[in-house]
Structures are given as C-alpha cells and as structure tokens.
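Residue strings, one per chain:
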Amino acid sequence: MLVSFPKVIVPCAIGSCAIAYVCSYFISVRKIFGGTIPHTMQGREWAKETNKRMNAWPREAAGPVVMNPISRQNYHKI
C-alpha cells in the first residue's frame, strides 16, 4: 500500500512544524524551564556601546576593515 503524498505527508509536515513552533515558543519566550533574559539583550544601550567600540577599534590592515559587513553602510545586496 502506497502512502498518498497530499493526504498523509503534507499534513504530517505541517503538523510537525506547528509542534516545533509551539515547543520553541514555550521554551524560549515563556521560559517554562525557568531563567531570565540577559540584560545585554533587553536594552539597546549595550548594542550601541558595542557598535561604538567596533567602529573605534584601531585597524592594522591595508584598507578599512569592517567587523560586521552586513550591518554596515558599505554592504549592497546584489
């Protein structure tokens, strides 16, 4: 007996994605196992200071070196 793709496999794949989302939500957002969110992720002050430090870091390479090229202005999507 063959397994029908639209009747069995597609609903199972959608159901497993839903179960994974619910588990992820309750573990990371609702924190059912306890724990807290670190202060470095709660406020924007830490991110601002980190970016300031990354931009002020002295460079020793030949040209300008960017620590995180995706978040900088010189990155262009093709």
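Residues numbered from 1 in each chain as written. Predicted model: local features only at pLDDT ≥ 70, side-chain atom pairs only at ≥ 80, totals over all residues. Heavy atoms only, no water.

### Quick look at the overall build of the protein chain
Here is step 1 of the chain: What the protein chain contains, in helices and strands, is three helices and zero strands.
Here is step 2 of the chain: Of the regular secondary structure in the protein chain, the N- to C-terminal order runs α-α-α.
Here is step 3 of the chain: Split into buried and exposed, the 78 residues of the protein chain put 3% on the buried side.
Here is step 4 of the chain: Accessible surface, the protein chain: about 7,600 Å² in total, of which carbon and sulfur atoms supply 65%. (Helix = DSSP H or I, 4+ residues; strand = E, 2+ residues; numbered from the N terminus. Buried < 20%, exposed > 50% of the residue type's maximum accessible area, 1.4 Å probe, protein only. Areas by Shrake-Rupley, 256 points an atom, 1.4 Å probe, with all protein chains shown as cover.)

### Brief notes about helix α1 (residues 5-29)
Here is step 1 of the chain: An ideal rise of 1.5 Å per residue puts 36 Å on 25 residues; α1 measures up with 34 Å between its terminal C-alpha atoms.
Here is step 2 of the chain: Lys 31 occupies a position one or two residues after α1 and carries a positive phi of about 55 degrees. (Expected span 1.5 Å × (residues − 1).)

### Remarks on the environment of Ile 37
Here is step 1 of the chain: Mapped onto the elements, Ile 37 comes out in the loop between α1 and α2 (39-42).
Here is step 2 of the chain: Its relative accessible area of 44% is what places Ile 37 among the partly exposed residues.
Here is step 3 of the chain: With near-sequence residues (within four places) excluded, Ile 37 lies in contact with Lys 31 and Gln 42. (Contact = heavy atoms within 4.5 Å.)

### Points about a nonpolar patch on the surface
Here is step 1 of the chain: There is a patch of nonpolar side chains on the surface, built from Tyr 21, Val 22, Tyr 25, Phe 26, Ile 27, Val 29, Ile 32 and Phe 33 and spanning about 830 Å² of accessible area.
Here is step 2 of the chain: When you line up the elements, Val 22 lands in helix α1. (Patch = residues over 30% accessible without salt bridge, like charges linked within 9 Å, V, L, I, M, F, W, Y side chains within 5 Å. Salt bridge = Lys/Arg side-chain N within 4 Å of Asp/Glu carboxyl O.)

### Overview of the UniProt feature "transmembrane region" (unreviewed entry) in the protein chain
Here is step 1 of the chain: Here, UniProt's "transmembrane region" (unreviewed entry) annotation points to residues 6-27.
Here is step 2 of the chain: Secondary structure within residues 6-27 divides into 100% helix and 0% strand; the distance between the first and last C-alpha atoms comes to 31 Å. (UniProt positions renumbered as here; feature names shortened; annotations may be inferred.)

### Some details on the confidence of the model for the protein chain
Here is step 1 of the chain: The share of residues in the protein chain with pLDDT of 70 or more is 71%, and the mean pLDDT across the chain is 78.
Here is step 2 of the chain: Of all helices and strands in the protein chain, the one with the weakest mean pLDDT is α2 (76), whereas α1 scores best (93). (pLDDT = per-residue confidence, 0-100.)

### A word on the pattern of salt bridges
Here is step 1 of the chain: What the rule picks out here adds up to one salt bridge.
Here is step 2 of the chain: A salt bridge links Glu 49 to Lys 52; the nearest nitrogen and oxygen atoms lie 3.3 Å apart. Here Lys 52 and Glu 49 lie together in helix α3 (residues 45-56), a separation of three residues that amounts to about one turn.
Here is step 3 of the chain: A residue is classified by how much of its surface remains accessible, and Lys 52, at 51% relative accessible area, is exposed.

### Remarks on the packing of aromatic side chains
Geometry of an aromatic ring pair is reported as the spacing of the ring centres plus the angle between the planes.
Here is step 1 of the chain: What the rule picks out here adds up to one aromatic pair.
Here is step 2 of the chain: Measuring from centroid to centroid gives 5.4 Å for Tyr 25 and Phe 26, while their planes differ by 75 degrees, and the two rings are edge-to-face.
Here is step 3 of the chain: A residue is classified by how much of its surface remains accessible, and Phe 26, at 33% relative accessible area, is partly exposed. (Phe/Tyr/Trp six-rings, centres within 6.5 Å; stacked < 30°, edge-to-face > 60°.)

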